[in-house]
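Structural overview for review
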Amino acid sequence: MLDTLDGLSIPDQSFWLICAAFYLVDNVRLHGGRELLLAESLIFRWRLLFPLQHYRLGGRAVTLLPPWLPFLAVVRLSWLSHDAFSATRLRRTKRLLRFYRQCLAPFRVLASFYFLILFIVGPIATHYAGLGYAIILVVPLHVAGLSSLIAFLLMGRRALRMNWSQLIGLVFECAVCPGYFVNICRKLSIGYIRVSADAIALALEEDRPRVLASLGINGIDMLLDDLAENDELRPDDSASIAIYRDHLDLSDSHA
């Protein structure tokens, strides 16, 4: 038995696979049923991400973030809100999102940097020179990345309305788990960007044809049915539902 265990060896690439696993797990996001996530596109338009249908975890909706391009932000907005299509709310939200995009610029660089070193440089160096050499190569880069993160967070803390305990907790998390560090841009955008616009109204404003194609009759009904199954629909939601259907060019009837 001992001889068998002594003969076992952990592949060198396991370290990077573990980092990738933590990164992928961090892209599984739990949120309230009356919230939806919107992700940036490469042309900086906001697009709806749909939660898993008929599936809750601890009573929370589950949305999977796209694993590629972690430097693109994701925001969390409410939906079925009153006065969802208010031009004033949409205009204010778009202005705030432009401001937050500027705040996120250095964290986009860090996300891209860590994606490169953890999922490209590290595995390649391990393949050709072994894990020991790869770690020696990556550790100074990790230290430099953490130093940059601290500096950027100190500069942007007030704009993001982050308190000191949140800042310290985020730095510690990224220090001990580089896989989480890859998601730093999304962590900040989901956790600290707060805007008042309705999620579906903003998505329609940004890319109406795409939303109409993705929601359609069945799409909006699946979202509503999911809320109904979890007792999250309210009596006064009927007015908001009718407004949605009007803007989506759908019938305003819903059982």
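Residues numbered from 1 in each chain as written. Predicted model: local features only at pLDDT ≥ 70, side-chain atom pairs only at ≥ 80, totals over all residues. Heavy atoms only, no water.

**A short note on the sheet that holds strand β2 (residues 35-40)**
Spelled out, the test is: Strands are treated as partners if at least two bridges between them are detected by DSSP. By the criteria applied, helices consist of DSSP H or I runs no shorter than four residues and strands consist of E runs no shorter than two, each listed in order from the N terminus. Think of each axis as a best-fit line through the C-alpha atoms, taken over the contacting stretch in the case of a helix, with angles from 0 to 180 degrees between the N-to-C directions.
Ordered in space as β3-β2-β6, the 3 strands form an open sheet in which the pairing is antiparallel. Either end of the sheet is taken by a strand with one partner, and the two such strands are β3 (46-49) and β6 (74-78). Mean inter-strand twist for the sheet, computed between neighbouring axes without regard to direction, equals 40°. Pairing of β2 with β6, which is carried by 5 bridges, proceeds in the antiparallel orientation. When the sheet's bridge partners are listed, L36 is paired in β6 with L77.

**Let's talk about the pairing of strand β1 (residues 28-31)**
To be explicit about the condition: Relative accessibility decides the category of a residue: with a 1.4 Å probe and only protein chains considered, values under 20% of the type maximum give buried, values over 50% give exposed, and everything between is partly exposed.
With burial as the criterion, only one face of β1 is covered, namely that bearing R29 and H31; the residues V28 and L30 on the opposite face remain uncovered. Direction of pairing for β1 relative to strand β5 (residues 60-64): antiparallel, over a ladder of 4 bridges. Opposite L30, over in β5, you have V62 as the bridge partner.

**Notes on the confidence of the model for the protein chain**
The condition is simple: Summary of the metric used: pLDDT quantifies the predictor's per-residue confidence within the range 0 to 100. Contacts are assigned to residue pairs with any non-hydrogen atoms lying within 4.5 Å of each other.
Averaged over every residue, the pLDDT of the protein chain is 89; the share at 70 or more is 93%. Throughout residues 1-9 the model reports pLDDT below 50, and contacts reaching past four residues in sequence, or to other chains, amount to 0 contacts. Counting contacts from residues 251-255, a segment whose pLDDT is below 50, to residues more than four positions away or on other chains yields 9 contacts.

**Regarding the pairing of β5**
Within a regular strand, side chains alternate between the sheet's two faces. Inspection of the sheet shows strand β4 (residues 56-57) paired to β5 by 2 bridges, in the antiparallel sense. Pairing of R56 across the sheet is with A61, part of β5. Taking the residues between adjacent antiparallel strands as the criterion, β4 and β5 are bridged by 2 residues, where G58 takes a positive phi near 65°.

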